[in-house]
Amino acid sequence: MFNALSCPLDGAPLTQQAHSWRCPAGHCFDVAREGYLNLLPVQRKRSLDPGDSKEMVAARRRYLGAGFYQPIADKVADWALADVVAGEQRACLDAGCGEGFYLNAVLARAAAAGCDVQAVGLDISKWAVIAAAKAQREARWLVGTNAALPIVSGTLDRLMCLFGFPVFDEFARVLKSGGELLMVDAGQDHLRELREIIYPRLKTPRESTLTIGEAFVPVSEETLRFPIRLGDNATISDLLVMTPHLYRAPPDGRARAAALTALDLTVDVVFRRFRRV
């Protein structure tokens with residue numbers, strides 16, 4: 001299990017002592033009953049309960065558990081284990097892991113291939129991390145922020161930021177030289193059919209202004225597109241709850257979505273790989 005953790009208060013390495021982790025200065029962080037570690041200091045919280053709510057996490061678990069996004073998870077696992085040989089150790093962080101769906105796919109593939117993946121999942125939502133820790137005890141699950149990763153510098157081989165909020169300076173700090181970053185983001189047509197129902201008109205897509213900094217070089221970019229069909233209102237509702245669209249859509253748009261009993265959708269996502277120089 002991944003153990004290269006750092007103190008979120010002073011950046012010093014943490015050492016595990018029974019059910020707690022301590023830094024040389026004496027800052028102490030207890031492992032929760034569910035098995036996760038909270039490394040999000042109160043001064044880094046922008047609200048009392050940051051990140052996804054308990055309801056959003058439950059909706060995402062149901063939706064992802066039904067397999068609608070399995071092709072995305074399979075491609076993430078392909079990348080995470082590319083060129084790894086049996087018995088080789090590889091440290092992998094999912095920065096913004098949610099309830100752990102994608103990191104669990106990596107761990108499942110690694111177990112089948114006989115690879116040793118030291119996995120760590122981090123999310124600012126305690127509800128997401130609690131759900132992840134209850135479902136999977138092979139990874140290290142952390143409540144934390146991408147803005148100040150509680151990870152020792154230069155200890156990761158792979159870093160995933162999937163539909164999340166990248167902080168490239170921090171990503172560069174924790175990755176080894178030659179390590180890779182994978183970002184997955186929504187493409188222009190992602191869930192377009194749903195957006196056409198809930199919004200009066202769709203905004204014109206803006207040109208990407210991604211600034212990765214000098215620490216990374218692009219490796220590849222490709223698109224994954226496939227159709228899905230949501231066959232009942234409960235599943236459509238779960239999709240809405242787990243996305244920002246529920247809160248951005250006007251009331252009449254939400255009402256139209258609530259009346260749906262089935263929906264054909266396009267999944268359109270972009271995979272971008274970068275290498276740490």
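Just above sits the structure.
**Q** Can you walk me through the packing of aromatic side chains in this structure?
**A** Within a pair of aromatic rings, the relevant descriptors are the distance that separates the centres and the angle that separates the planes. Enumeration over the complete set of coordinates arrives at 5 aromatic pairs. Ring centres of Tyr63 and Tyr69 lie 5.2 Å apart, and the angle between their planes is 85°; this geometry places the pair in the edge-to-face category. Assigned by exposure class, Tyr63 and Tyr69 land together as buried. Relative to Phe216, the ring of Phe168 lies with its centre 6.3 Å away and its plane at 70°, an arrangement referred to as edge-to-face. Highlighted residues: Phe168 in helix H5 (residues 168–174) and Phe216 in strand S10 (residues 216–230), separated in sequence by 48 residues. Taken together, Tyr63, Phe68 and Tyr69 form an aromatic cluster joined through their ring pairs. One residue, Arg158, lies across the ring of Trp79, its end atom 5.6 Å from the ring centre.

**Q** Got a minute to help me understand the packing of helix H1 (residues 54–65) against helix H4 (residues 126–135) in this structure?
**A** At a closest axis distance of 8 Å, the pairing of H1 and H4 adopts a crossing angle of 40°. As far as their axial angle goes, H4 and H1 are oblique. Here H1 and H4 pass one another in a crossing that is right-handed. Listed contacts from H4 to Lys54, Val57 and Arg61 of H1 are Trp127, Ala128 and Ala131. Looking at the contact of H1 with H4, its residues break down into 4 nonpolar, no polar and 2 charged.

**Q** Before we go on, may I ask you to explain the layout of surface pockets in this structure?
**A** Vacant regions in the atomic arrangement are exposed by a probe of water-molecule size rolled over the atoms. A volume near 190 Å³ is recorded for the second largest pocket. Lining the second largest pocket are Glu34, Lys54, Val57, Ala58, Arg61, Trp127, Ile130, Ala131 and Lys134. The set of elements that each furnish at least two residues to the lining of the second largest pocket consists of H1 and H4.

**Q** Can you help me understand unusual backbone geometry in this one?
**A** Only a minority of non-glycine residues have a phi that is not negative, and only a minority of peptide bonds are not trans. Residue Ala18 is not a glycine yet carries a positive backbone phi of 55°. With a phi close to 70°, Asp83 is a non-glycine residue in the positive phi region. According to the relative accessible area criterion, Asp83 is exposed, its value standing at 73%.

**Q** Where do I start with the sheet that holds strand S1 (residues 15–17) in this structure?
**A** Through backbone hydrogen bonds, the strands of a sheet pair up, either in parallel or in antiparallel fashion. Judged by pairing direction, the sheet is antiparallel, and its 3 strands sit side by side in the order S1-S2-S3 without closing on themselves. For this open sheet the edge positions go to S1 and strand S3 (28–30), each flanked by a neighbour on one side alone. Sheet twist, expressed as the average angle between the axes of neighbouring strands with direction ignored, equals 30°. Note that strand S2 (residues 20–22) and S3 share 3 bridges and pair antiparallel. In the sheet register, Ser20 faces S3, and the bridge partner there is Asp30.

**Q** For this particular structure, what's the right way to read the nonpolar core?
**A** In a soluble, globular protein the nonpolar side chains are often hidden away together inside. Within the largest apolar cluster, 57 residues are counted, with the highest numbers of intra-cluster contacts made by Tyr69, Ile72, Val76 and Tyr102. Not counting chain neighbours up to four residues away, the residues in contact with Ile72 comprise Tyr102, Phe163, Val184, Leu224, Phe226, Val267, Val269 and Phe271. Ranked by size, the runner-up nonpolar core spans 31 residues in total, among them Phe29, Ala91, Ala172 and Leu181.

**Q** Got a minute to help me understand the environment of Gln16 in this structure?
**A** Looking at the element boundaries, Gln16 is found in strand S1. The exposure class of Gln16 is partly exposed, given its relative accessible area of 40%. C-alpha separation for the pair Gln16 and Leu149, spaced 133 residues apart in sequence, amounts to 18 Å. Those residues in contact with Gln16 that sit more than four places away from it in its chain are Trp21 and Arg140. Looking at Gln16, its side chain comes within polar contact range of the main-chain oxygen of Ala18, at 3.4 Å.

**Q** Could you clarify how one ought to interpret the sheet that holds strand S6 (residues 116–123) in this entry?
**A** One open sheet holds the 8 strands; their spatial order is S4-S7-S6-S5-S8-S9-S11-S10, and the pairing between them is mixed. What marks the edges here is a single partner per strand, and that holds for strand S4 (37–38) and S10. Sheet topology note: the S6/strand S7 (residues 140–143) ladder contains 4 bridges and is parallel. By the bridge assignment, Leu122 is partnered in S7 with Leu142.

The rules we used
- Residues numbered from 1 in each chain as written.
- Predicted model: local features only at pLDDT ≥ 70, side-chain atom pairs only at ≥ 80, totals over all residues.
- Heavy atoms only, no water.
- Phe/Tyr/Trp six-rings, centres within 6.5 Å; stacked < 30°, edge-to-face > 60°.
- Buried < 20%, exposed > 50% of the residue type's maximum accessible area, 1.4 Å probe, protein only.
- Helix = DSSP H or I, 4+ residues; strand = E, 2+ residues; numbered from the N terminus.
- Lys NZ or Arg CZ within 6 Å of the ring centre and 35° of its normal.
- Axes fitted to C-alpha atoms, helices over the stretch in contact; angles between N-to-C directions.
- Parallel < 35°, antiparallel > 145°, perpendicular 65-115°, else oblique.
- Left-handed = near helix turned anticlockwise from the far one by under 90°.
- Contact = heavy atoms within 4.5 Å.
- Nonpolar A, V, L, I, M, F, W, Y, C, P; charged D, E, K, R; others polar.
- 1 Å grid on protein atoms, 1.4 Å probe; cavity = no way out; pocket = protein on both sides within 12 Å on 5 of 7 lines; lining within 4 Å.
- Points joined across faces, edges and corners; volume = space filled by probe spheres on them.
- Pairing = 2+ DSSP bridges.
- Core = buried A, V, L, I, M, F, W, Y, C linked by side-chain atoms within 4.5 Å.
- Polar contact = N/O pair within 3.5 Å; in protein donor to acceptor, adjacent residues only side chain to side chain.

Note that all results are geometric; they support no functional claim without further evidence.
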